[in-house]
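The residues making up each chain are set out below.
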Amino acid sequence: MQILVDSLREKGKIYKKMQEVSPKDLGIRNKIKIYKATDITGYFSAIIAVSQKSRILMKDVRKFEEIYSKLSTYFDHNFKYKLIFIDAPLCSKAKEAFKTQGWKIY
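Residues numbered from 1 in each chain as written. Predicted model: local features only at pLDDT ≥ 70, side-chain atom pairs only at ≥ 80, totals over all residues. Heavy atoms only, no water.

J.: Which residues make up the packing of aromatic side chains, and what values do they have?
T.: The tally for this structure, following the rule as stated, stands at 8 aromatic pairs. For the ring pair F64 and F98, a centre distance of 6.2 Å and an interplane angle of 35° mean the geometry is tilted. Here F64, found in helix α3 (residues 58-75), pairs with F98, found in helix α4 (residues 92-100); they are 34 residues apart in sequence, far enough to count as distant. Judged by its relative accessible area of 0%, F98 falls in the buried class. With a centroid separation of 6.4 Å and an interplanar angle of 90°, the aromatic rings of F75 and F79 are classed as edge-to-face. (Phe/Tyr/Trp six-rings, centres within 6.5 Å; stacked < 30°, edge-to-face > 60°. Helix = DSSP H or I, 4+ residues; strand = E, 2+ residues; numbered from the N terminus. Buried < 20%, exposed > 50% of the residue type's maximum accessible area, 1.4 Å probe, protein only.)

Here is the structure:
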């Protein structure tokens, strides 16, 4: 989590509270890290950290949108920002799909 906080601080994002959400709470079997964060101005952010060896494709974009909708339902509110940290090769079509759906990719 410290690596995540440091990389966000370099981008100019400072959060006063970060809460890790277990994927098991959302009914997800993926090995990802999910965080709910509150920044200084009081806006909420959904942060997903993915580390895998295989390339992220369009089907994965739909999977992450589904995870985001489950997260929104779990906390019963929408998030102002959607951030995703990807430690894997990213397909160009998937990158465009993430951007059109409002994700910020790091």
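J.: Tell me about the nonpolar core, residues and numbers included.
T.: Judged by nonpolar contacts, the single largest core of 24 residues is most densely connected at I34, I48, F64, L71, I84 and F98. The set of elements that each furnish at least two residues to this core consists of β3 (44-51), α3, β4 (81-87) and α4. Apart from the residues within four sequence positions on either side, I84 is in contact with I48, V50, F64, F98, W103, K104, I105 and Y106. Counting 9 residues, the second largest nonpolar core, distinct from the first, contains L4, M18, Y35 and L83. (Core = buried A, V, L, I, M, F, W, Y, C linked by side-chain atoms within 4.5 Å. Contact = heavy atoms within 4.5 Å.)

J.: Help me get a handle on the pattern of salt bridges, residues and values and all.
T.: Inspection of every chain in the model, using the stated rule, returns 4 salt bridges. For E20, the salt bridge is made with K33, and the minimal N-O distance between the two is 3.8 Å. Taken together, the residues E20 in strand β1 (residues 15-21) and K33 in strand β2 (residues 33-39) connect sequence positions 13 residues apart. For E20, a relative accessible area of 45% corresponds to the partly exposed category. Its relative accessible area of 42% is what places K33 among the partly exposed residues. (Salt bridge = Lys/Arg side-chain N within 4 Å of Asp/Glu carboxyl O.)

J.: Can you lay out the side chain of S45 for me, pointing to particular residues and giving the numbers?
T.: Following the sequence through the fold, S45 ends up in strand β3. One polar contact links S45 to Y15, side chain to side chain, over a distance of 3.4 Å. Beyond its immediate sequence surroundings of up to four residues, S45 is in contact with Y15, Y35, K36, A37, F79 and Y81. (Polar contact = N/O pair within 3.5 Å; in protein donor to acceptor, adjacent residues only side chain to side chain.)

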